[in-house]
Amino acid sequence: MLELRNISKTFNPGTVNEKKAIAGISLHLEKGDFVTIVGSNGAGKSTLFNAVAGSFYVDEGTILLAGEDITFQPEHRRSRVIGRLFQDPMRGTAPHMTIEENLALAYLRTAKNQHAFFSRTTRAEKQFFRDQLALLGMGLEDRLRQPVGLLSGGQRQALTLLMATMVPPKLLLLDEHTAALDPATAEKVLSLTRSIVSQHHITTMMVTHNMQNALDLGNRTLMMDDGSIVLDIRGAERQGLTVSDLLERFRSGAGKALDNDRILLS
Amino acid sequence: MFYITQTALELGFMYALVPMALFLSYRVLDIADLTTDGAFVLGAAVSVTMAASGHPVLGLLAAMAAGACAGFVTALWQTRLGVPSILAGIITNTGLYTVNLMAMGWTSNASLLKQATVFTRLRDMGVSRNWHELILAAGITILMGALLCAFLGTRLGLSIRATGDNRDMVRASSINPTFTISVGLCIANALTALSGAVVGQAQKSADINAGTGIVVIGLACLIIGETIVGRGSMLRGMVAVIVGSIVYRFIYAIVLYTKVVPIDCLKLVTALVVALAIAMPTLRQWVAFQQRKLAAREKGGT
C-alpha cells in the first residue's frame, strides 16, 4: 500500500543547525497493515509522517501510495487519501464551526463532492453524520449544530478520528493522537481507533510513546532512532514480546538505550 | 430630521457592502485585507466611467469584476509568492492608484452630468420619487448579504470558513488553502468595489481619494454592528454589518448636524474607536492583571 524508497530530508542544510531528520528510510506496508512506531526524542517519527503527508517534499527518494507516485504531490491532494491525527486535539477541527459543518468538510473527500462547490449538505448526509457520530458513543449525535470549540479535548479528538476515517483513507497517520488526553479518554479514543481501523481495514501508522500500546495494537512495530528505522518487528517474533524485551532489542539495534523522556513503560 | 434619517439609511446601506467584505476577509478568513481602499475607488471609477458612456447597470457588474481582479492580485502575492498578507494588500492598493486614474481617463475626478445612473433609471421607471435611492441601495445590499450568507453554507463556503478558522485542519481535509483564500479575497473585493460603484453613481462622481480610510470606517461599522447584534452565525454577521453601517452613518450625520466635534476630526475619532475596540481584549486582560496585583499587594502588605 505504502512504499518509501530511500527517502531523506535534511533541515537547514549548510548551516550550523543542519539536521538530517530522515536518513534514507525505505519501508513497505501491505494493505491493512497497522504499524506502531516508537523511538527516542528527535528520532524523526513526526518528520516521517510529515514527509508522507506532504507537509514538505523529501530531498531524495520516492513515495508511492497504492502504486501511485505521490513524491511531488502537494499536501492537500494527498489528504484526499491520507487521514491524519495530531497530538494536539485542537489541530484537527475548526473550533468556530459546528460539528455538522466540520463533518461536511471532511466529507469533501468523496469524489462526488470534490468539485460540487455550490452544493449544500443534504438531508441524507446529515443523517449519515448522525449515525457515524452515534458510533463514537459520546452523545455528539445530538449536538450537531454546536460549535466544535465547546467540546472537550477527547471529544474533539474522537471527532477528528471520525473525520479522518468517515471516507476510509488509503493510509491513516496517527501522531501520538492520545498523548494529550487523560488516561480514561485516551483509552476510549484508542479503542475507537482499533475498531474503526479494523472495520475498514485501513492501513495505519501510529506513533506512540506508550510501549505497551505499541505492542498491543497493530501487527508490526518499528523503532526509530536518529532518522533511521533501527528495528522492525512483526509476525511470530512480535508474539509474546514484552516491553522489556522491546527495550533490550532497541538497545542492541540502536547501540544505545532508548532515550525518550516521555516514554511510558507500562 | 426626516432628511437626515433618510440620508443616513441610504448611505448606510450603500457603504454596508464594505464591512460585509471585511466580514469575509477579516472575520471569516482572518486576513487584514488592505486592498479595500483601492478596490472601493476602483469600483467607483469603473462604474462612473461606464455610466458616463451609457451603461449604468453594466457599470455595477464591471465594477464587481474589476474588484474581484484586484482581490485576485492580492491573493496571488500572499498565497503563491510568499508576500505577507498585509503587505500584499498595501502593494496592490498602491498599484491600484494608477489603475484607478486610468479607469477614469487619467483624471483625478470623473463626474456624471445628465447621464443616466442606476438610480435615475429606477426613478424613471416610476418608483416613488423620494424613495428610489433608498430602495435600490437597500435592495442591492440585502441581496448581496443574502447571497453571501447562502454561499458561506455551501461546500466551498465552508472550506473558506475553515481556512480562516484552522489552517492545519484545512490542509488535512483535502482543501487547497491557496484556492480558498483566492476565492475569498476575490469575493470580498468584488463587494467593496460594488459599494464604490453604487456610491459613485449615487453621488454622480468618482474621486481618486474617495477611498482613503474606508477600510477603517468599514471595520468601525463591523465592530459597531457586532457589538449591537452579537457574533455567531453567518446570518447574524450579515445583519450586524448592515446595522453597524447604518448606525455609523447616523452618528456621522448627527456629528455633521450638531457639530459636537468638527467633521474633519471624525476620521481621527473613527480610527481611535477602531483601535480601542480591537485592543479591548488585551486591555481587559491588562486591567484584570493590575487588579490581581493590587489585591495581592494589599493582602501581603498587612
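It should be emphasised that the depicted structure is a prediction, and the values quoted were computed from it without experimental measurement.

Caption draft 1: Local environment of the overall build of chain B. Helix and strand content of chain B: 13 helices and two strands. Here the C-alpha radius of gyration of chain B, 21 Å, is about what a compact globule of 302 residues would show, namely 19 Å. By its C-alpha atoms, chain B is 80 × 55 × 35 Å across when sized along the principal axes. When each of the 302 residues of chain B is scored for burial, the buried share is 51%. Taking the contacts inside chain B whose residues are at least 6 apart along the sequence as the reference set, 77% of them involve residues at least 24 apart. Carbon and sulfur atoms provide 68% of the accessible area of chain B, an area that totals close to 13900 Å².

Caption draft 2: Focus on a nonpolar patch on the surface. Residues and elements named next belong to chain B. On the surface, F72, V73, L76, W77, L81, I86, L87, I90 and I91 cluster together to form a nonpolar patch covering roughly 750 Å² of accessible area. Breaking the nonpolar patch down by element, the ones donating at least two residues are helix 4 (56–80) and helix 5 (85–103). Within the secondary structure, L81 sits in the loop between helix 4 and helix 5.

Caption draft 3: Representation of the confidence of the model for chain B in the model. On average, residues of chain B score 91 in pLDDT, and 99% of them reach the 70 mark or higher. Predicted complex, confidence summary: ipTM 0.87, pTM 0.90.

Caption draft 4: Region of the structure containing the interface of chain A and chain B. Listed by partner, the interface residues are 28 residues for chain A and 21 residues for chain B. Across the chain A/chain B interface, buried area totals approximately 2300 Å², and carbon plus sulfur atoms make up 55% of it. Close ionic contact of A:E125 with B:R155 constitutes a salt bridge, the shortest N to O distance being 3.2 Å. Our count for the chain A to chain B interface comes out at 17 residue pairs in polar contact (both at pLDDT 80 or more).

Caption draft 5: Structural view of the packing of aromatic side chains. A complete count under the given rule lists nine aromatic pairs over all chains for this structure. Relative to A:F129, the ring of A:Y107 lies with its centre 5.5 Å away and its plane at 85°, an arrangement referred to as edge-to-face. Note that A:Y107 is positioned in the loop between helix 3 (99–106) and helix 4 (123–136) and A:F129 in helix 4, a separation of 22 residues in sequence. Neither A:Y107 nor A:F129 differs from the other in exposure class; each is buried. Each ring, one from B:Y15 and one from B:F40, has its centre 5.7 Å from the other, and the planes form 15°; the classification is stacked. Here B:Y15 is found in helix 1 (residues 2–15), whereas its partner B:F40 is found in helix 3 (residues 36–52), with 25 residues between them in sequence. You'll find B:Y15 and B:F40 in the same group, each marked buried. Taken together, the ring pairs in this structure connect A:Y107, A:F128 and A:F129 into an aromatic cluster.

Caption draft 6: Expanded view of the side chain of B:E10. All names here are of chain B. Summarising the element assignment, E10 is placed in helix 1. Of the side chains with opposite charge, R249 lies nearest to the buried E10, which makes no salt bridge, at 11 Å. Not counting residues within four places of it along the chain, the set of residues in contact with E10 comprises N130, E133, L134 and A137.

Caption draft 7: How the structure looks around the sheet that holds strand 6 (residues 82–85) of chain A. Residue and element names in this part refer to chain A. Taken in spatial order, the six strands of this open sheet run 6-7-8-3-9-10, and their pairing is mixed. What marks the edges here is a single partner per strand, and that holds for strand 6 and strand 10 (228–234). Each adjacent strand pair in this sheet contributes to an overall mean axis angle of 20°, direction not counted. On the sheet, helix 1 (residues 45–53) packs against strand 3 (34–39), strand 6, strand 7 (171–175), strand 8 (203–207) and strand 9 (220–225) and is oriented at approximately 150° with respect to strand 7.

Calculation notes
Residues take numbers from 1 onward in each chain, read along the sequence in its written order. To read the labels, note that chains go from A and ligands from 1, taken in the order they are written. Totals for whole chains, interfaces and linings use all residues, but because this is a predicted model, local features are given only for residues with pLDDT of at least 70 and pairs of side-chain atoms are given and counted only at 80 or more. Excluded from the side-chain calculations are hydrogens and water; all other atoms, namely the structure's heavy atoms, are used. Per the convention used, a helix needs a DSSP run of H or I reaching at least four residues, while a strand needs a run of E reaching at least two, with both numbered from the N terminus. To get the radius of gyration, use the C-alpha atoms; to get the globule rule, take the number of residues to the power 0.38 and multiply by 2.2 Å. To sort residues, take the accessible area from a 1.4 Å probe on protein chains only and compare it with the maximum for the residue type: under 20% means buried, over 50% means exposed, and anything in between is partly exposed. For this analysis, residues touch if any pair of their heavy atoms sits within 4.5 Å. Method for areas: the Shrake-Rupley scheme with a 1.4 Å probe, in which residue coverage is limited to the protein chains shown. Each patch is assembled from residues with relative accessible area greater than 30% and no salt bridge, linking like charges that lie within 9 Å and nonpolar side chains (Val, Leu, Ile, Met, Phe, Trp, Tyr) that lie within 5 Å. Any carboxyl oxygen of Asp or Glu that lies within 4 Å of a side-chain nitrogen of Lys or Arg is treated as forming a salt bridge with it. Each residue carries a pLDDT value, the predictor's own confidence for that position, ranging from 0 to 100. By convention, the term buried area covers the 1.4 Å-probe accessible surface removed from two parts as they join, with the contributions of both added. Any pair of nitrogen or oxygen atoms within 3.5 Å is treated as a polar contact; in protein, a donor-acceptor pairing is required on top of that, and neighbouring residues in sequence qualify only through side-chain atoms on both sides. The rule is short: rings of Phe, Tyr and Trp, with Trp giving its six-membered ring, pair when the centres are within 6.5 Å, and they are stacked under 30 degrees, edge-to-face over 60, tilted in between. When charges are counted, Lys and Arg are positive and Asp and Glu negative, with His and the chain ends excluded. Any two strands are treated as partners once DSSP identifies two or more bridges connecting them. Angles here are taken between N-to-C directions and fall from 0 to 180 degrees, while the axes themselves are lines fitted to C-alpha atoms, restricted in helices to the stretch in contact.

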